[in-house]
Amino acid sequence: MSQFDALFQPLNINKLTIRNRIVSTAHAEVYATDGGMTTDRYVKYYEEKAKGGCGLCICGGSSVVSIDSPQSWWSSVNLSTDRIIPHFQNLADAVHKHGGKIMIQITHMGRRSRWDGENWPNLMSPSGIREPVHRATCKTIEVEEIWRVIGDFVQAARRAKEGGLDGVELSAVHQHMIDQFWSPRVNKRTDEWGGTFEGRMKFGLEVLKAVRAEVGPDFVVGMRITGDEFHPDGLNHDDMKKIAAYYDATGMVDYFGVVGSGCDTHNTLANVIPNMSFPPEPFLHLAAGIKEVVSVPVIHAQNIKDPNQAKRIIEAGYVDFVGMTRAHIADPHFIAKIKMDQVDQIRQCVGANYCIDRQYMGVDVLCIQNAATSREYMGLPHIIEKTEGPVRNVVIVGGGPGGMESARVAAERGHKVTLIERGSELGGQITIAAKAPQRDQIAGITRWLVMELDRLGVDVRLNTAADADLIRSLKPDVCILATGGRPFLEQNPEWGAAEGLVVSTWDVLTGKVEPGKNVLIYDTICEFSGLSAADFLASKGAKVEIVTDDIKPGVGIGGTTFPTYYRSLYEKEVIMTSDLLLEKVYKEGDNFVAVLENEYTGAREERVVDQVIVENGVRPNEELYYELKYESRNKGQIDVQALFDIKPQPVLSEAGDGMILWRLGDCVSQRNTHAAMYDALRLCKDL
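Residues numbered from 1 in each chain as written. Predicted model: local features only at pLDDT ≥ 70, side-chain atom pairs only at ≥ 80, totals over all residues. Heavy atoms only, no water.

- Under an unreviewed UniProt entry, the name given to the chain is Dimethylglycine demethylation protein DgcA, and the organism recorded is Maribrevibacterium harenarium.
- Taken from UniProt, the Sequence similarities (unreviewed entry) comment for the chain reads in full: "In the N-terminal section; belongs to the NADH:flavin oxidoreductase/NADH oxidase family." (UniProt positions renumbered as here; feature names shortened; annotations may be inferred.)

This is the structure we're talking about:
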């Protein structure tokens, strides 16, 4: 651990001692239920991070202080009522008993929300200017309302303190109410709350003064700010240094959390939580610039995933604390594994942004590769215990994410595990996805699982095509089929897949088919594969049009991810066309003609190209399943009630002869990596 000593040096924020330099920064978890309370799921999620060694957890990104700042759409924490106090006490006790500290971000969202739900409020902003991301119209806030909101901040801070939390973080980032007043692109007022620099600072200053007067000098009050809004008419880095120095000079701010970029447009939103297309710590320089002008600790969190990265940042003095939030979503035992010299066992975040993209869709934050995260309250474990029952012979067919996770969990349980893969390497569709220009880091999921299988002594058999006879010869007690699927090109015979008129995105990304020069991609799934293929082909110099029958290409990709694709595709002059169905494809000389039909008018168009690529999802490779199904004692069936209740499959405790047979992942139906790994964990944790 000595090489990471810099990370384990305690440091005070105000009088609060943080045991190490690693922070889980505020994010909207979408777990607060019962009107925005921090109930069991919420508590267990943060307790796991504290148990794993995290020094400071700042919970509740965008937790609201006022009843007219809606929280129900993303299930944020509701600090507008005293009902939250006992819930906070439960949360604080759970974190404190493991040596961690816990604070909460508090805010009024102003215009940055939706008005069409909960209490149906009139949203407010300094000058009534609409927010693009939420398409939110709003009124100009009146002076009486300004003072009322300041009072709401005070009461929220009181509730946090009475609930036993260690501090509050004022959100002045991402265009919430405080920095809406700061920014000249949003604040056009000419009264005392705008116009001059001091006028634009006044709302935040009055909030800070009132909160500090309520909680006293020793309770931590921090402020999260951006280092640069990245808008030509917004606040640049020099402006933000001036603002940070202004608030620091009051002596009332105990720390600054600094991130890069505003996020009130779709394009800037993609910067805030950098996905795998970004370099490591792309905005560290902004946080370092703020640290130069303030006298209190600075926290920075953006695309910092690796302990060596964190160590270098702290040792160089760029900031005082490193935020590793998605790193803790991927592995809440991140810190404990460093301490135990198990760095290679850390399940590192790959920047898929499945977590935060779900949040922007208004659903619960989950990790693409760690199905136990946020399901601790259901009994899903991060640490797999050895079985106290019989040691079983487990045979798994298919080396994609579902098959690898099944093998890992079964081996952790202490069973004899054989994993059979017909290809020359493990990874399945992850390996294909990693071929795309913006998706290479997703291969980190495979790398970690391969290392774990090696550590656990799993018998991995590559280049082996499993058939029924091979399975029988291995005499498994449990056989899990994770054989995946194949591109579903035959749905419409008029596409001409049988005649070779169309190829799949897999064919192109894997190099099975040479890329064309003038290409039409028809994408009816609208997730990653179509846009990845378009980006890949355009990077090879092809002229590309991507067509979908949906409302726009990539509509199924989340809000922090599709903009990075659009940046790349527009730069490469890829044509993006919506609302057209691919009716048929026919050959004309050396070219192919794609006949497209407008879904709404029925009008037809044709494209003459040298390659047609179809992304229509996958069909399951289920032949082996049906060959073995009636030889198994459970006829291949999974008890879905037990599965959904996270309970052992009843067949495991029933007497009987013959193997137990299950299938999961795309071998059943197309879903995604998380779904396959979730099924693998909840099936195999009780083997």
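Still more ground to cover, so stick around.
A few points about the overall build of the chain
Argument step 1. Secondary structure assignment for the chain yields 22 helices and 27 strands.
Argument step 2. For 687 residues, the compact-globule estimate of 2.2 N^0.38 gives 26 Å, and the chain sits close to it at 27 Å.
Argument step 3. In terms of its C-alpha atoms, the chain occupies a principal-axis envelope of roughly 75 × 65 × 45 Å.
Argument step 4. Within the span of the chain, comprising 687 residues, buried residues form 63% of the whole.
Argument step 5. Put simply, of all contacts in the chain between residues at least 6 apart along the chain, 71% involve residues at least 24 apart.
Argument step 6. Here the chain displays about 25,300 Å² of accessible surface, and carbon together with sulfur accounts for 48% of that area.
Argument step 7. Counting 74 positive and 92 negative side-chain charges, the chain places the averaged centre of each group 3 Å from the other. (Helix = DSSP H or I, 4+ residues; strand = E, 2+ residues; numbered from the N terminus. Rg over C-alpha atoms; globule rule 2.2 N^0.38 Å. Buried < 20%, exposed > 50% of the residue type's maximum accessible area, 1.4 Å probe, protein only. Contact = heavy atoms within 4.5 Å. Areas by Shrake-Rupley, 256 points an atom, 1.4 Å probe, with all protein chains shown as cover. Lys, Arg positive; Asp, Glu negative; His and termini not counted. Charge placed at Lys NZ, Arg CZ, Asp CG, Glu CD.)

Details of the pattern of salt bridges
Argument step 1. Under the defined criterion, the tally for this structure stands at 44 salt bridges.
Argument step 2. Between Lys97 and Glu47 there is a salt bridge; the shortest N-O distance is 3.3 Å. Within this pair, whereas Lys97 is found in the loop between α2 (84-96) and β5 (101-107), its partner Glu47 is found in helix α1 (residues 40-51), the two being separated by 50 residues in sequence.
Argument step 3. Lys97 sits in the exposed class, given a relative accessible area of 60%.
Argument step 4. By relative accessible area, Glu47 is classed as buried at 11%.
Argument step 5. A salt bridge links Asp82 to Arg159; the shortest N-O distance between them is 2.6 Å. In this pair, Asp82 is assigned in the loop between β4 (56-64) and α2 and Arg159 in helix α3 (residues 143-162), connecting sequence segments 77 residues apart.
Argument step 6. Judged by its relative accessible area of 10%, Arg159 is buried. (Salt bridge = Lys/Arg side-chain N within 4 Å of Asp/Glu carboxyl O.)

Some thoughts on empty space enclosed by the protein
Argument step 1. Scanning the entire structure with this criterion turns up five cavities of 30 Å³ or more.
Argument step 2. Taken as a whole, the largest cavity encloses approximately 540 Å³ of empty space.
Argument step 3. Within the residue set of the lining of the largest cavity, elements represented by two or more residues are β4, α10 (325-330) and α12 (354-360).
Argument step 4. Its residues assigned to classes, the lining of the largest cavity shows 19 nonpolar, 13 polar and four charged.
Argument step 5. Put simply, the second largest cavity is a space of about 100 Å³. (1 Å grid on protein atoms, 1.4 Å probe; cavity = no way out; pocket = protein on both sides within 12 Å on 5 of 7 lines; lining within 4 Å. Points joined across faces, edges and corners; volume = space filled by probe spheres on them. Nonpolar A, V, L, I, M, F, W, Y, C, P; charged D, E, K, R; others polar.)

With respect to the UniProt feature "domain: FAD/NAD(P)-binding" (unreviewed entry) in the chain
Argument step 1. In the numbering adopted here, UniProt assigns the feature "domain: FAD/NAD(P)-binding" (unreviewed entry) to residues 393-645.
Argument step 2. For residues 393-645, the helix share is 30%, the strand share is 26%, and the end-to-end C-alpha distance is 25 Å.

What to know about the side chain of Lys305
Argument step 1. Topologically, Lys305 is positioned in the loop between β11 (298-300) and α9 (307-316).
Argument step 2. Notably, Lys305 is buried but unbridged: the nearest opposite-charge side chain belongs to Asp440, and the N-O separation is 9.2 Å.
Argument step 3. Engagement of the side chain of Lys305 in a polar contact is seen with the side chain of Asn303, the distance being 3.2 Å. (Polar contact = N/O pair within 3.5 Å; in protein donor to acceptor, adjacent residues only side chain to side chain.)

Focus: the nonpolar core
Soluble globular proteins tend to bury their nonpolar side chains together.
Argument step 1. The biggest cluster of nonpolar side chains holds 103 residues, and the ones touching the most others in it are Trp182 and Phe203.
Argument step 2. Element by element, the count of residues in this core is highest for helix α5 (residues 197-215), at eight residues.
Argument step 3. Residue contacts for Trp182: discarding those within four places in its chain leaves Ala172, Arg200, Met201, Met223, Ile225, Leu235, Met240, Ile243 and Tyr247.
Argument step 4. Formed by 44 residues, the second largest nonpolar core is a distinct cluster that contains Ile396, Ile445, Ile480 and Ala680. (Core = buried A, V, L, I, M, F, W, Y, C linked by side-chain atoms within 4.5 Å.)

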